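Architecture and fold: a report
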Amino acid sequence: MHHFIYRKNELYCEDVPIRVIAENVGTPFYLYSHATLKRHFLIFDEAFEGLKRLICFSAKANTNLAVLKLFESLGGGLDIVSGGELYRGLKAGFSPDRIVYSGVGKRVDEIDYALDTGILMFNIESLEELELIDKRAGLLKRRAPVAIRINPDVDPKTHPYISTGLEKSKFGINTETAIEGYKVANKLENIDIVGIDCHIGSQITEAKPFEEALESLKNLINELKQLGIEIQYLDMGGGLGITYDDESPPHPREYAKAIVKSLEGTHLYLILEPGRVIVGNAGILVTRVLFRKSGKNKEFVIADAGMNDLMRPTLYNAFHAIKPVVTTEDPPIMADVVGPICETGDFLAVERKISDVKQGDLLAVMSAGAYGFTMSSNYCSRPRVAEVMVKDDRFYVVKDRQNYEDLVAGESIPPFLED
Ligand code: LLP
């Protein structure tokens, strides 16, 4: 059941015509379908039926409080990478014991915040971090539950910018050093070893790399057992891909199958950190055509959303399908869909066959629910766009569009520059 569908000639989100939302909210805006978010979360969770598990949604994919609250209410946990994400998670109502904290560069204030909050575990990415966390926990008189993030050196066969589990990447600790790390952790006074973790990359479209990583982690768990170190939580990270264009990633059930099979009968508590697979296809970016123009050999559709609103096309050459909100009978055109920013890289699509949209028409940039709004910026002093959630036949603005005042909030002119 899809929740972004055409009825007659108009694109709807659930039971709301997207055109109506645009008339009320203005453009551009991100639009999320509540039913799709919920369905994706439940399908993913239920795929692991039979295992003790916690689905820690990876906040970086979409940090809107309404989105987070939904996953919290469905029994989910949260994967965070910063103090800011911890703050959002708590605001959305996540219990701290459902929050895991990943990231190669945790600052002292962020570590202290997480220790004070009492999160489920820190996913440690270096020995220096381990030692710092022990020290801070001692000072704050807290226990620090940790997992070590293993870099299992498997190739996830995805875009190099989002491969994280290769030896050459900055993430995690290689298997040999990890054993050393666990030995050190075992001796540190304020550290409780609770888990083992990995995250091998993002937008992965086959199950094999996950299976390889799992094997490597299970071997380590056995080795650790020999050393008298018991692992309770096995965190497999996120990374399952989605269909943007013609990719055919495994269905969550297929992805889960090998993991469930391999862990059945063990005492391990599984943690997963999916981001994109839950929210990616549950959101779109809606933009209005400002102008059309014809270059020498090219047709341009100039939209009011640009690279600052959706970075993925220019940053990763990522494909996002672009659909008309109201269809036309006219034959499609080949065009570059570009934004208003003064950079050649400011495009949503290049040489794309799209509907023959005209000035004032609305376009839906599909599969934009993950790493869309969260990676947006104020470049060119463009206010961040609104976020809207649809449930059934109603829409809710879940984040206001920024205004010009918001753009200068916190800035000041020092006295020596005043007139
Ligand atoms: N866990 C950790 C430790 C991560 O670093 C990530 C993503 C995830 C979980 C969630 O991965 P997912 O299930 O969403 O693949 N901005 C890029 C994606 C960067 C992913 C970074 N880490 C993009 O737009 O494609």
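Residues numbered from 1 in each chain as written. Predicted model: local features only at pLDDT ≥ 70, side-chain atom pairs only at ≥ 80, totals over all residues. Heavy atoms only, no water.

Quick word on the pairing of strand E1 (residues 4-7)
Here four bridges tie E1 to strand E2 (residues 10-13), and the two strands are oriented antiparallel to one another. Opposite Tyr 6, over in E2, you have Leu 11 as the bridge partner. (Pairing = 2+ DSSP bridges. Helix = DSSP H or I, 4+ residues; strand = E, 2+ residues; numbered from the N terminus.)

Describing the sheet that holds strand E3 (residues 16-17)
Pairing is antiparallel across the open sheet formed by three strands, whose spatial order is E1-E2-E3. On the outer flanks of this sheet lie E1 and E3, each paired with one strand and no other.

Comments concerning unusual backbone geometry
For the bond running from Thr 27 to Pro 28, omega is -5 degrees, close enough to zero to count as cis. The topology assignment puts Pro 28 in the loop between helix H1 (18-25) and strand E4 (29-33). The residue Asp 153 is not glycine, and still its phi comes out positive at about 55 degrees. Along the chain, Asp 153 falls in the loop between strand E9 (144-151) and strand E10 (173-174).

A closer look at helix H4 (residues 83-91)
Among all positions in H4, only Gly 83, Glu 85, Leu 86 and Gly 89 are buried. Looking straight down H4, one finds that the buried residues subtend no more than 160 degrees of arc, so they occupy a single side. Two residues or fewer past H4, Gly 93 is found with a positive phi of approximately 100 degrees. (Buried < 20%, exposed > 50% of the residue type's maximum accessible area, 1.4 Å probe, protein only. Arc of directions from axis to C-beta.)

Some words on helix H8 (residues 208-226)
Given a rise of 1.5 Å per residue, 19 residues ought to cover 27 Å, and the 28 Å separating the end C-alpha atoms of H8 matches this to within 8%. When H8 is considered as a whole, its buried residues turn out to be Pro 209, Phe 210, Ala 213, Leu 214, Ser 216, Leu 217, Leu 220, Ile 221 and Leu 224. Along the axis of H8, the buried residues cluster in a sector spanning 165 degrees; they form a single face. Of the surrounding secondary structure, the elements contacted by the buried residues of H8 are E9, helix H7 (175-187), strand E11 (191-197), strand E12 (233-235) and helix H9 (252-263). (Expected span 1.5 Å × (residues − 1). Contact = heavy atoms within 4.5 Å.)

Quick word on the packing of H8 against H9
Where H8 meets H9, the closest approach of the two axes is 10 Å, and the angle between their N-to-C directions is 20 degrees. In terms of their interaxial angle, H8 and H9 are classed as roughly parallel. Like other packed secondary-structure pairs, H8 and H9 cross with a definite hand, here right-handed. The segment H8 lies against H9, with Phe 210, Glu 211, Leu 214, Glu 215 and Lys 218 engaging Tyr 255, Ala 258, Ile 259, Ser 262 and Leu 263. (Axes fitted to C-alpha atoms, helices over the stretch in contact; angles between N-to-C directions. Parallel < 35°, antiparallel > 145°, perpendicular 65-115°, else oblique. Left-handed = near helix turned anticlockwise from the far one by under 90°.)

Overview of a nonpolar patch on the surface
Taken together, the side chains of Ile 413, Phe 416 and Leu 417 define a hydrophobic patch exposed on the protein surface, amounting to about 380 Å² of accessible area. You can see Leu 417 is positioned in the segment after helix H12 (404-408). (Patch = residues over 30% accessible without salt bridge, like charges linked within 9 Å, V, L, I, M, F, W, Y side chains within 5 Å. Areas by Shrake-Rupley, 256 points an atom, 1.4 Å probe, with all protein chains shown as cover. Salt bridge = Lys/Arg side-chain N within 4 Å of Asp/Glu carboxyl O.)

Considerations on the site of the ligand
Residues in close proximity to the ligand total 19 residues, the closest being Ser 202, Glu 273, Arg 312, Tyr 316 and Tyr 371. In this structure, Ser 202 approaches the ligand through a side-chain N or O atom, which is 2.4 Å from an oxygen atom. In this structure, an oxygen atom belonging to the ligand sits 2.6 Å away from a side-chain N or O atom of Tyr 371. Protein burial of the ligand: of its 590 Å² of free accessible surface, 92% is covered by the chains. Split into classes, the residues belonging to the shell around the ligand amount to five nonpolar, eight polar and six charged. (Near = heavy atom within 4 Å. Polar contact = N/O pair within 3.5 Å; in protein donor to acceptor, adjacent residues only side chain to side chain. Nonpolar A, V, L, I, M, F, W, Y, C, P; charged D, E, K, R; others polar.)

Topic: the domain arrangement of the chain
Parsing the chain into structural domains produces domain 1 (4-31 + 280-407) and domain 2 (34-276). For domain 1 and domain 2, the distance between their C-alpha centroids amounts to 32 Å. Interface of domain 1 and domain 2: buried area, both sides summed, is about 2,000 Å²; carbon and sulfur atoms make up 57% of it. When residues of domain 1 are sorted by the area they lose upon contact with domain 2, Tyr 316, Tyr 371 and Met 389 head the list and together hold 29% of the total. Scanning the region where domain 1 abuts domain 2 turns up zero salt bridges. Across the contact surface, domain 1 and domain 2 share ten residue pairs in polar contact (both at pLDDT 80 or more). Looking at the side of domain 1 that touches domain 2, the elements that each hand over two or more residues are helix H11 (312-316), strand E20 (386-391) and strand E21 (394-399). Here the side of domain 1 that touches domain 2 takes four residues from E20, the largest share from any one element. (Domains from an automatic or database assignment. Buried area = accessible area lost by both parts, 1.4 Å probe.)

A closer look at the packing of helix H6 (residues 127-140) against H7
It is the contact of H6 with H7, at a shortest axis distance of 10 Å, that shows an interaxial angle of 15 degrees. In terms of orientation, H6 lies roughly parallel with respect to H7. For the crossing formed where H6 meets H7, the hand is right-handed. Across from Leu 127, Leu 130 and Glu 131 in H6, the residues of H7 making contact are Thr 177, Gly 181, Val 184 and Ala 185. The residue makeup of the contact of H6 with H7, split by class, is four nonpolar, two polar and one charged.

Observations concerning the environment of Ser 381
Within the secondary structure layout, Ser 381 lies in the loop between strand E19 (362-365) and E20. Residue classification places Ser 381 among the exposed residues on the basis of a relative accessible area of 52%.

Considering a negative patch on the surface
Residues Asp 153, Asp 155, Glu 206, Glu 211, Glu 212 and Glu 215 make up a contiguous surface patch of negative charge. Position of Glu 212 among the secondary structure elements: in helix H8. (Lys, Arg positive; Asp, Glu negative; His and termini not counted. Charge placed at Lys NZ, Arg CZ, Asp CG, Glu CD.)

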